[in-house]
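# Commentary on secondary and tertiary structure
Here is what each chain is made of, one letter per residue.
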Amino acid sequence: MIVADPEIEKQEILKQYRDILKVCKPNTSAKDKQLIRKAFNLALEAHKDMRRKSGEPYIYHPISVAKIAAGEIGLGTTSVVCSLLHDVVEDTDYTLNDIKDLFGEKVATIIDGLTKI
């Protein structure tokens, strides 16, 4: 497993985050972008010490899912937020109640459903 320079990884993660925003609908509001950033920050913090078998930071997976949801499927902000957070409840100490408190009932319900698939 090869681990890249932490500063290079940080720059790549930020680039991928910006890519999410680029593929979101052009009319995504500032409020929606703030919500996406909040979800991104939580996912990044929650997965900060996790790595994939390849050695890549785990956060690359939820970022990829969010880009597919927005760019390939054309889903909106709620789906992007859920994509970023979909593994947080299963893989970290965050609970569905934490997600509900931070992002609301709708996001928590969707994530609960995703964890059952």
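Here's what I pulled together on the structure shown here. None of these values were measured; they are calculated from a predicted model.

The rules behind these values
Residues numbered from 1 in each chain as written. Predicted model: local features only at pLDDT ≥ 70, side-chain atom pairs only at ≥ 80, totals over all residues. Heavy atoms only, no water. Disulfide = S-S within 2.5 Å. Buried < 20%, exposed > 50% of the residue type's maximum accessible area, 1.4 Å probe, protein only. Salt bridge = Lys/Arg side-chain N within 4 Å of Asp/Glu carboxyl O. Axes fitted to C-alpha atoms, helices over the stretch in contact; angles between N-to-C directions. Helix = DSSP H or I, 4+ residues; strand = E, 2+ residues; numbered from the N terminus. Parallel < 35°, antiparallel > 145°, perpendicular 65-115°, else oblique. Left-handed = near helix turned anticlockwise from the far one by under 90°. Contact = heavy atoms within 4.5 Å. Nonpolar A, V, L, I, M, F, W, Y, C, P; charged D, E, K, R; others polar. Phe/Tyr/Trp six-rings, centres within 6.5 Å; stacked < 30°, edge-to-face > 60°. Lys NZ or Arg CZ within 6 Å of the ring centre and 35° of its normal.

A few words now on the state of the cysteines. A full pass over the atoms with the stated rule returns zero disulfides. Unpaired in terms of disulfides, C24 finds its nearest cysteine sulfur in C82, a separation of 13 Å. C82 sits in the buried class, given a relative accessible area of 3%.

All right, on to the pattern of salt bridges then. On inspection of all chains with the given rule, the structure shows six salt bridges. E45 is the partner of K48 in a salt bridge, and the nearest nitrogen-oxygen pair spans 2.8 Å. Between D112 and K116 there is a salt bridge; the shortest N-O distance is 3.3 Å. With relative accessibility at 66%, the residue K116 sits in the exposed group. By sharing partners, the salt bridges in this structure join K15, D19 and K67 into a single network.

We now examine the packing of helix α2 (residues 30-46) against helix α6 (residues 96-103). In helix packing, the relevant descriptors are the interaxial angle and the interaxial distance, both defined with respect to the helix axes. At their nearest, the axes of α2 and α6 sit 12 Å apart, and the two run at 150 degrees to each other. The angle between α2 and α6 falls in the class roughly antiparallel. Crossing geometry of α2 relative to α6 is assigned as right-handed. Judged by residue contacts, L35, K38, A39 and L42 of α2 engage I99, L102 and F103 from α6. Of the residues belonging to the contact of α2 with α6, the class tally is six nonpolar, no polar and one charged.

With that settled, consider the packing of aromatic side chains. Enumeration according to the criterion identifies one aromatic pair in this entry. With centroids separated by 4.5 Å and ring planes inclined at 35 degrees, the aromatic side chains of Y17 and F40 adopt a geometry described as tilted. Of this pair, Y17 sits in helix α1 (residues 6-23) while F40 sits in helix α2, placing them 23 residues apart in sequence. Across from the ring centre of Y17, 4.6 Å away, lies the NZ or CZ of R37, which sits over that ring. One residue, K38, lies across the ring of F103, its end atom 5.0 Å from the ring centre.

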